[in-house]
Structures are given as C-alpha cells and as structure tokens.
Amino acid sequence: MEVRAPLSSRLSGLDALRGTVMIIMALDHVRDFFHRDAMIYSPTDLSRTTPILFFTRWITHFCMPVFMFCAGAGAYLWWRRGGRGELRSKGELSWFLATRGLWFLVLEVTVMQFAYTLNLSPKNLILLLVLYIFGACLLLMAALVQLPMRLLAALSIAIIVLHNLLDPIAADRFGNWHWIWNLLHQPGVIMGAGRVAFVVYPLLPWIGVMGAGFCFGEVLLMEENRRRRITLRLGLAACAAFLVVRAINIYGDPSRWSGQKSFVFTVLSFFNGTKYPASLDYVLMTLGPALILLAWYYGRAFSVKNPLIVFGRVPLFYFILHFYAIHLLLVLASWMRYGNGAFAFIFHGMPSMGGPSDVYPANFGYALWVTYAVWIGLVIALYPLCRWYAGVKARNKSRWLSYL
C-alpha cells in the first residue's frame, strides 16, 4: 500500500510556487501602468529594448503557465478532498469547476474592467485577460474531467505539443465566424451586443496546460521522495525539450530566433518565446523551471507567515486587489505630477493595455527603477491585507469564501 505524504507537505509547496509567481506578476502589471517605455513599445522588441527591460518582462512569463498548471492541480486535490483518499463524485467536481468558471467570467467583465480604466463608459474596449481565460478553461474542464485520466493526459499533452500546427491558419479565413478562431487560437477583436472586446488569451494551449496540471495532481498524492523525483524529472525533461526544440528552430514557435547585434541579444532572441498564443517553446521554457522549483519547495518547512504561502493561498483576492492598488497609485502619482490636468486622461485605459495614447501627455510614465520601487512597495503593502484574509479563510470554512 502506497504511503501518502501529509497534506501540508504537498500544498505548501504548491502554495509557495503560486505565491512566487504572484509576486513576480505584480512587477509586470506595475510596468504596464508606470513604465514610460511601456506606453510606446513592447519590452521584448529586440530592436528597441534593453537586457534589463527584456528580463523585467521575461521573468513574468512564468506567471500564466504556473497559474494554469496549479489551478488544474488544485482542482484535482479538491476532487480528492485534499488527498485523504475520499473521492468526491465527478458530478461534484464538474459543478465546482463550472461555477467557478462562470464566476471568473463575471468578474472579468465587471470588476476587472473597472480596474483597468476606473470608469464605466460603454465605449471602453473590453479586455478579456487573465480571469477570462481562467473562467473559460474551468468551464471546459468541467466537461473534460469526465474523461478517463489517461485520455485527458494524452489530450492535454497533444494540445500543448501540436497546437502550433494551427499557426498558419488566420482568423479572417473564416469570414463572419472569425470570432471562433479568435477565441480558440488567434488573439483578436470580436464584437458582441454593440461592444468591442479584445481576446488576449485564446483557449489553446491554456486548456491543455490546465488539463496537464489536473493530471499532475496524481503525482501530488505520492510519497514525498517519489513525488519529488518525478516532479524534478518532469521539470528537467521540459527544460531539455525546450533547448532542443528551440535550437532546431523549425517548429515550436512562430517567431524564430536569430543572430542579433551582439551575443547577449542573440541569447535574448533564443528565449523570446511567443505568449499570444503561448507557443510550445513558451510553455516548455516556463513550466520546466517551475517544476524544478516546485520539487525544491516540497521539502521546505514554510511558516504560515511566509509571504509565498500568504499570497499563494489567496490568489484571487490578491489579483483583484493589486490591480486596483496599482491603478490608484498611478492616479495619485499623476495628480502630483500634472495637478488637476491628470483627470483629463488618467481615467482612460492605459496605452500599454490598448487605451488611447493620444490623450496622455508626451513622455507619460516613469523610469524603470521607479517601476521596481513601486512594485516592491506594493507587495510589502499588500502583505498584511492578504495575511489577514488568509487567516479568515483558514478559520472560516464557508463555501462562499472559496470564490474570492
């Protein structure tokens, strides 16, 4: 009979991994709102970026794959009732996933849209970002978890590995039905109910990543040494696969790497994976090191006060809170810099997030060091609130708390 590790040993590692990328995530969103160059060009544009700016963006690439993977693993552990071996029914699991998926979609088109612009104008572009893709994938997973585990694992891996075969197919090929392809594989603008929405995260390959995380939940129930060994091997295999596939430079990413003006920029080109939609190279490049880090986290003794654990246990609360905090900090900084004139532009969407750049002053934004300073201060400021809420969730087992 297999010996199963204590629940806290498994979940603390998963929470710490999630908390790690949540802290990193805030850096990217602060950059979107505060960094001067974010209003003008992409930080991964090798013709204009700098190594430190590229790294500032690149390190945050780990966030979405880890979120998706951990969400799948967390759903599996919920199904197993925290690993006590008492299976909930597949029907209960599907209901759990579907209700949370719908809740995430509602939050995206209401609470988060206001966080992006701080106004409720019906003329605003609707951004379908992180909570949208989480909600959509959770809804799909509500159906997919009915499949046998091996079939779901094979399907998830196939989606991750093969979806780049669809890259040559453009959405406009489908005419009035282009929106289906935008939802599925190619980011783009869709219309509905007189509103314009921009799909930033298509379903592929994210449903595959969440499905793979769900199947990985089996590993989390194993005895500690075996769990660490398998997790480490999977991480190393993903890293090796990335290096091989990327070096061959034929398949795995629509953007090929190439020699640049210097060795450093050639290295940047090699690691400049495509995120929208996330390529095979991108997923391997990020999930591989994340799994290695998770294997290392397994054996660590984390205090409940550790920021990685605190943030990792209240992901949705932190996510919503940090967006509002960033935007309100920018409102304050803009008022201090431009006076009452700031109110003529600050309640529009950010140019870095599809907002109108012509309403913002020339040279709007701040130096990169300011971005880092605001990021560090923000994370420190959010810690007490998140620790308080983590304590509330730990003491109160009400089901409604699981929705935030």
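Within any chain, residue numbers begin from 1 and follow the written order of that chain's sequence. Only residues with pLDDT of at least 70 are given local features in this predicted model, and only at 80 or more are side-chain atom pairs given and counted; all residues enter the totals for whole chains, interfaces and linings. Excluded from the side-chain calculations are hydrogens and water; all other atoms, namely the structure's heavy atoms, are used.

Draft legend 1. Expanded view of the sheet that holds strand 2 (residues 188–192). By definition, two strands form a pair when at least two bridges between them are found by DSSP. Each helix is a run of H or I in the DSSP string that is no shorter than four residues. Each strand is a run of E no shorter than two, and both are numbered from the N terminus. Taken in spatial order, the 3 strands of this open sheet run 1-3-2, and their pairing is mixed. For this open sheet the edge positions go to strand 1 (126–128) and strand 2, each flanked by a neighbour on one side alone. Geometrically, the sheet is characterised by an average inter-axis angle of 30° between neighbouring strands, direction not taken into account. Where strand 1 meets strand 3 (residues 195–199), 3 bridges bridge the pair, whose relative direction is parallel. Considered in strand 3, the bridge of Leu128 is made with Val199. Lines are fitted to the C-alpha atoms to define the axes, a helix being fitted only along its stretch in contact, and any angle between axes, read from their N-to-C directions, falls within 0 to 180 degrees.

Draft legend 2. Inspection of the pairing of strand 3 at higher detail. With 5 bridges joining them, strand 2 and strand 3 adopt antiparallel strand pairing. If you follow Ile190 over to strand 3, its bridge partner there is Ala197.

Draft legend 3. Geometry of the confidence of the model for the chain. When the pLDDT values of the chain are averaged, the result is 91; 95% of them are 70 or greater. In this model residues 1–7 is a low-confidence stretch, pLDDT under 50, and it forms 16 contacts with partners more than four residues away in sequence or in other chains. Here pLDDT means the predictor's own confidence in every residue, given as a number from 0 to 100. Working rule for contacts: check all heavy atoms of both residues, and any pair within 4.5 Å makes them a contact.

Draft legend 4. How the structure looks around the packing of helix 3 (residues 63–79) against helix 11 (residues 280–298). Where helix 3 meets helix 11, the closest approach of the two axes is 9 Å, and the angle between their N-to-C directions is 65°. Taken together, helix 3 and helix 11 sit at an angle that is classed as roughly perpendicular. Note on packing geometry: the crossing formed by helix 3 with helix 11 is right-handed. Residues Pro65, Val66 and Phe69 of helix 3 form the contact with helix 11, whose participating residues are Tyr282, Thr286, Leu287, Ala290 and Leu291. Grouping the amino acids of the contact of helix 3 with helix 11 by side-chain chemistry returns 7 nonpolar, 1 polar and no charged. In what follows, roughly perpendicular refers to angles from 65 to 115 degrees, roughly parallel to angles under 35, roughly antiparallel to angles over 145, and oblique to any angle outside these ranges. Here is the rule for handedness: rotate from the far helix to the near one, and if that takes an anticlockwise turn smaller than a right angle the crossing is left-handed, while a clockwise turn gives right-handed. Amino acid classes used here: Ala, Val, Leu, Ile, Met, Phe, Trp, Tyr, Cys and Pro are nonpolar; Asp, Glu, Lys and Arg are charged; the rest, including Gly, are polar.

Draft legend 5. Main features of the side chain of Asp32. For Asp32, the location among the structural elements is in helix 1 (residues 7–34). Note on exposure labels: buried denotes an accessible area under 20% of the residue type's maximum, exposed denotes more than 50%, and partly exposed covers the range between, all computed with a 1.4 Å probe on protein chains only. For Asp32, a relative accessible area of 13% corresponds to the buried category. Polar contact criterion, stated in full: a pair of N or O atoms within 3.5 Å, where within protein one must be able to donate a hydrogen and the other to accept it, and residues adjacent in sequence count only if both atoms are side-chain atoms. Reaching out from Asp32, the side chain makes a polar contact with the side chain of Arg31 at a distance of 3.3 Å. Setting aside chain neighbours within four positions, we find Asp32 in contact with Ala38, Met39, Met350, Ser352 and Met353.

Draft legend 6. Spotlight on helix 3. Under the 1.5 Å per step criterion, the end-to-end length of helix 3 is 24 Å for 17 residues, consistent within 8% with the ideal 24 Å. Within helix 3, 14 of the 17 residues are buried, which leaves the element mostly enclosed by the surrounding structure. Just beyond helix 3, the residue with positive phi is Arg81, at close to 55°. How far a helix is expected to stretch is found by multiplying one less than its residue total by 1.5 Å.

Draft legend 7. Local environment of the pattern of salt bridges. Salt bridges are defined as contacts in which a side-chain nitrogen from Lys or Arg sits within 4 Å of a carboxyl oxygen from Asp or Glu. Counting across every chain of the model gives 7 salt bridges. In this structure, Arg18 and Asp15 form a salt bridge, with 2.9 Å as the shortest nitrogen-oxygen distance. Remark: Asp15 and Arg18 occur in helix 1; sequence separation between them is 3 residues, near one turn of the helix. Each member of the pair, Arg18 as well as Asp15, is classed as buried. Arg31 is the salt-bridge partner of Asp28, the closest N and O atoms lying 2.9 Å from each other. Taken as a pair, Asp28 and Arg31 lie in helix 1 at a separation of 3 residues, close to a single helical turn. Residue Arg31 is classed as buried on the basis of its relative accessible area, which comes to 4%.

Draft legend 8. Summary view of the environment of Tyr324. Assignment of secondary structure puts Tyr324 in helix 13 (residues 315–338). For the pair Tyr324 and Pro307, spaced 17 residues apart in sequence, the C-alpha to C-alpha distance is 20 Å. Setting aside its immediate chain neighbours within four residues, Tyr324 contacts Val111, Phe114, Ala115 and Leu118. Only 2.6 Å separates the side chain of Tyr324 from the backbone oxygen of Val111, close enough to count as a polar contact.

Draft legend 9. Region of the structure containing the environment of Ala75. Inspection of the secondary structure puts Ala75 in helix 3. Judged by relative accessible area, Ala75 falls into the buried class, the value being 6%. Each C-alpha atom, one on Ala75 and one on Gly355, is 35 Å from the other, the two residues being 280 residues apart in sequence.

Draft legend 10. Quick look at the packing of aromatic side chains. Under the pairing criterion, centres of Phe, Tyr and Trp rings, with the six-membered ring standing for Trp, must be within 6.5 Å; the plane angle then separates stacked pairs below 30 degrees from edge-to-face pairs above 60, leaving the rest tilted. All told, the structure shown has 37 aromatic pairs when counted by the stated rule. Centre to centre, the rings of Phe33 and Phe323 are 6.2 Å apart; their planes meet at 70°, and the pair counts as edge-to-face. Of this pair, Phe33 sits in helix 1 while Phe323 sits in helix 13, and the two are 290 residues apart along the sequence. Phe323 sits in the buried class, given a relative accessible area of 3%. Between Phe242 and Phe270, the ring centres sit 5.7 Å apart and the planes meet at 75°, which makes this aromatic pair edge-to-face. Linking Phe242 in helix 9 (residues 224–248) with Phe270 in helix 10 (residues 263–270), this pair joins segments that are 28 residues apart in sequence.

Draft legend 11. Summary view of the state of the cysteines. We call a pair of cysteine sulfur atoms a disulfide when they lie within 2.5 Å. Counted by the stated rule, this structure contains 0 disulfides. No disulfide involves Cys70; its sulfur sits 11 Å from that of Cys63, the nearest cysteine. By relative accessible area, Cys70 is classed as buried at 1%. Here Cys386 is not disulfide-linked; the sulfur of Cys63 is the nearest cysteine sulfur, at 15 Å.

Draft legend 12. Quick peek at a nonpolar patch on the surface. Exposure above 30% relative accessible area and the absence of a salt bridge qualify a residue for a patch, where like charges join within 9 Å and nonpolar side chains (Val, Leu, Ile, Met, Phe, Trp, Tyr) within 5 Å. Note that accessible areas follow from Shrake-Rupley with a 1.4 Å probe, and for residues the cover is restricted to the protein chains shown. Nonpolar side chains collect at one region of the surface, where Leu125, Val189, Met191 and Val196 lie side by side and expose about 320 Å² of accessible area between them. Position of Val196 relative to the elements: it lies in strand 3.

Draft legend 13. A look at the nonpolar core. Note on terminology: a nonpolar core comprises buried Ala, Val, Leu, Ile, Met, Phe, Trp, Tyr and Cys residues joined through side-chain atoms within 4.5 Å. Judged by nonpolar contacts, the single largest core of 131 residues is most densely connected at Ile133 and Trp206. Looking at this core, the element that brings in the most residues is helix 1, giving 13 residues. Residues contacting Ile133, with those up to four places away along its chain left out, are Met64, Met68, Tyr201, Pro202, Leu203 and Trp206.

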